[in-house]
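# A structural walkthrough
Single-letter residue listing:
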Amino acid sequence: MKPVIEALIDALGEQAVLHGARVAERATSYWDASPTQALAVVKPRTTGEVSKALEICHRHDQPVVTQGGLTGCVQGAVASNEEVIVSLERMNAIESIDPVGGSATVQAGVTLQALQEAAREHDCLFALDLGARGSCTIGGNVATNAGGISVMRYGMMRSQILGLEAVLADGTVMSSMDEVLKNNAGYDLKHLMIGTEGTLGIVTRVVVRLHPLPKSCNTALAALTSFEAVTQLLTDMQRDLAGTLSAYEVMWNSYYHAATEPGGHPSPLGREYPFYVLLQAEGADVERDSLHFEQLLERSLESGVIVDAVIPKSESERHALWEIRENFEAMLAGRTTFLYDVSLPIRAMAGYAEAVRQRIVARWPDARCIQFGHIADGNLHLFIQPESQDADHLASDEAVYAPLLDVGGSVSAEHGIGMEKKAWLARSRSDTEVELMRSLKRAWDPKNLLNPGRVFSL
Ligand SMILES: Cc1cc2nc3c(=O)[nH]c(=O)nc-3n(C[C@H](O)[C@H](O)[C@H](O)COP(=O)(O)OP(=O)(O)OC[C@H]3O[C@@H](n4cnc5c(N)ncnc54)[C@H](O)[C@@H]3O)c2cc1C
C-alpha cells in the first residue's frame with residue numbers, strides 16, 4: 001500500500017478510506033456507470049478531517065480530486081488512477097436554519113433537495129433549483145456556481161451565498177462563515193471558491209440565503225410558432241407578473257418532440273409546434289395570482305403570441321409538465337450524445353440555434369440537434385446526437401462553438417469548464433484573463449494538487 005494511503009488511514013480510520021477493489025464498486029458519475037478509477041476514496045466527516053487529509057496529501061505531493069454528487073457535466077470530478085478522491089458524501093448535516101435572518105448553515109455534502117425541503121419546513125425558500133436537485137450537493141453547486149431554473153428571479157449560486165468555509169491545498173482552513181449580506185471588510189475571499197471548480201480549495205461548510213416561501217404557484221405549458229413570439233411572451237410576462245415570474249424554460253420542437261415520443265412523456269399539447277415554453281410564477285396571494293395568471297395567458301392567446309396552452313389543475317399535473325423539461329434520460333438512452341451549455345445575447349439566439357443545426361446536419365444528415373434552455377438568462381443547452389459511426393466530438397464542438405464567437409457568446413453558461421471544455425476556454429476568456437486564473441492557482445496551490453488539470457493546465 002502506498003505510504004500516503006497508510007497515512008490517510010492512520011489519520012481518519014479504515015472506514016473513511018476506500019482503496020483497492022472497493023474503489024471500483026462505485027460508478028464514475030451520473031453520466032457514466034463505468035467503475036470509478038482512483039488510488040483511494042477518502043470520506044471525511046468534518047472540516048477538521050478534510051484539513052488532515054489535505055495536509056497529508058500535500059506532504060506526499062499527492063493530487064486530489066473533490067467529489068460532491070457527481071452530476072457535473074464537464075468531467076471535473078472524474079479522477080484517474082493516480083489521484084485520491086475526497087468525497088463530501090458523509091458531510092451532509094444541515095447545521096441550523098434562521099428564518100428571521102434568512103439563512104441556513106450546512107455542510108457541503110448536503111444535497112440541494114435536502115436543503116430545499118428543510119428550508120420549506122421553516123416557511124423559507126432556498127432559491128437555487130435544477131433538475132439534478134436529488135443528487136447534486138451544495139458544495140458542488142458552489143464549486144460550479146450552478147444556475148438552473150430560477151436564475152432569472154434569484155440569481156445563480158453566487159447570489160445565494162453569505163459565507164463559506166474551505167480547506168486549502170496544504171490543509172489550511174479558510175473560514176468566512178458570514179451570516180449577513182454585508183461585509184466589505186477587505187477582500188471577500190469566498191468568491192474565489194465560487195465557480196472555480198474545486199481548483200483553489202475544498203468547500204466544507206456554507207451559509208446560504210433563504211427567502212420567504214411563496215404561497216402561490218402558477219404554471220403553464222404554452223405552444224408558440226416563432227422565436228419572436230417566445231421573446232414577446234417573455235417581455236409581456238416579466239412586465240405583467242411584476243417580478244413573480246420565476247421560471248421560463250424554452251423547448252425547441254427538436255427537444256419537445258424527442259421528449260414526448262412513444263415511450264417518453266405524455267404530450268398535453270400537439271407535438272408539431274416550433275416552440276414550447278414552460279413558465280411559472282410564484283407569489284403571495286393564491287386566488288388573485290391564479291386569476292391574474294390565467295387572464296394573462298388568455299390575453300396572449302387572443303393576441304396570437306401563443307397558439308395553445310395547458311394549465312395544470314393539480315400538483316401531479318404540474319409535476320408531469322416539469323418532467324417533460326427535466327427528465328431527459330429516455331432521450332439520451334443508447335445514443336451517443338454531446339452535451340453543450342452556451343450563453344449568448346437573447347437577440348442572437350434564434351439565428352445561432354439555426355446556424356448550429358445547419359452545421360450539424362451538413363456533417364451528419366441523420367443527426368438529432370436537440371435545443372432547449374433557460375432563455376431568459378441567455379442560456380441555451382444542446383444535445384447533439386450524430387446517429388453515426390463517425391461521432392467525432394471535435395467536429396461537433398467546432399459546429400457549436402464557431403458561430404458563438406460572432407455573437408459574443410460563452411462556451412459555458414453554467415456547467416463550467418472541467419476537463420471537457422478546456423480546449424475551448426480561450427474562446428470565452430482572453431489570454432490575460434486565463435493568465436490571471438493561473439497566477440491565482442499558483443498562489444493558492446503552488447504544488448498544483450487540487451483538481452489538477454481541470455479548467456486549465458499550468
Ligand atoms: C439532470 C441534470 C440537470 C442539471 N441541470 C443543471 C442546471 O440547470 N444548471 C446547472 O448549473 N447545472 C446543472 N446540472 C449540472 C450539475 O448538477 C451541477 O454542475 C452541480 O452544481 C454539480 O454538483 P455536484 O455536487 O454533483 O458536483 P460534482 O459533479 O461532484 O462536481 C462538480 C465540480 O465541483 C467540484 N466540487 C464538488 N464538490 C466540491 C466541494 N465541496 N468543494 C470544492 N469543489 C467541489 C468537483 O471537483 C467538480 O469539479 C445538471 C445535471 C444533471 C445531471
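Residues numbered from 1 in each chain as written. Predicted model: local features only at pLDDT ≥ 70, side-chain atom pairs only at ≥ 80, totals over all residues. Heavy atoms only, no water.

What counts, and what does not: UniProt positions are given in the numbering used here, feature names are shortened, and annotations may be inferred rather than shown by experiment.
Under an unreviewed UniProt entry, the name given to the protein is FAD-binding oxidoreductase, and the organism recorded is Billgrantia aerodenitrificans. The record held by UniProt for the protein lists under Cofactor (unreviewed entry) the comment "FAD". In its Sequence similarities (unreviewed entry) section, UniProt records this for the protein: "Belongs to the FAD-binding oxidoreductase/transferase type 4 family."

## Focus: the nonpolar core
The criterion, for reference: Think of a nonpolar core as a cluster: buried Ala, Val, Leu, Ile, Met, Phe, Trp, Tyr and Cys residues, connected wherever their side-chain atoms sit within 4.5 Å. Any residue under 20% of the maximum accessible area for its type is buried, any over 50% is exposed, and the rest in between are partly exposed; the area is computed with a 1.4 Å probe on protein chains only. What fixes the domain bounds is an automatic or database domain assignment. Contacts are assigned to residue pairs with any non-hydrogen atoms lying within 4.5 Å of each other.
Counting residues in each nonpolar core, the largest one holds 55 residues, and the members touching the most others are Leu 8, Phe 126, Ile 138, Val 142, Leu 164, Met 193 and Val 206. Taken domain by domain, the makeup of this core includes at least three residues from each of domain 1 (3–87) and domain 2 (94–212). Residues in contact with Leu 164, not counting those within four places in the same chain, are Val 142, Met 174, Ser 175, Ser 176, Met 177, Lys 190, Met 193, Ile 194, Arg 205 and Val 206. Counting 52 residues, the second largest nonpolar core, distinct from the first, contains Ala 281, Cys 369, Ile 375 and Leu 382.

## Structural notes on the site of the ligand
Convention followed: Residues are classed as near a molecule or strand on a simple rule: at least one heavy atom within 4 Å of it. Definition of a polar contact: a pair of N or O atoms within 3.5 Å, with one able to donate and the other able to accept a hydrogen when the atoms are protein atoms, and with sequence-neighbouring residues admitted only if both atoms are side-chain atoms. In these tables, accessible area is a Shrake-Rupley quantity obtained with a 1.4 Å probe, and a residue counts as shielded only by the protein chains included in the view. A run of H or I in DSSP counts as a helix once it spans at least four residues, and a run of E counts as a strand once it spans at least two, with each numbered from the N terminus. All residues other than Ala, Val, Leu, Ile, Met, Phe, Trp, Tyr, Cys, Pro, Asp, Glu, Lys and Arg, Gly among them, are scored as polar; the first ten of these are nonpolar and the last four charged.
The local shell around the ligand holds 36 residues, among which Thr 66, Gly 69, Thr 71, Gly 72 and Thr 137 are the closest. In this structure, Gly 68 approaches the ligand through a main-chain N or O atom, which is 2.8 Å from an oxygen atom. A distance of 3.5 Å separates an oxygen atom of the ligand from a polar side-chain atom of His 374. Burial of the ligand by the surrounding chains reaches 96%, relative to a free accessible area of 970 Å². Looking at the shell around the ligand, the elements with two or more residues in it are strand E3 (64–67), helix H4 (138–144) and strand E10 (202–209). When grouped by side-chain class, the residues that make up the shell around the ligand number 15 nonpolar, 19 polar and 2 charged.

## Details of the UniProt feature "domain: FAD-binding PCMH-type" (unreviewed entry) in the protein
In the numbering used here, UniProt assigns the "domain: FAD-binding PCMH-type" (unreviewed entry) feature to residues 34–213. Segment residues 34–213 splits into 21% helix and 24% strand. End C-alpha atoms: 40 Å apart.

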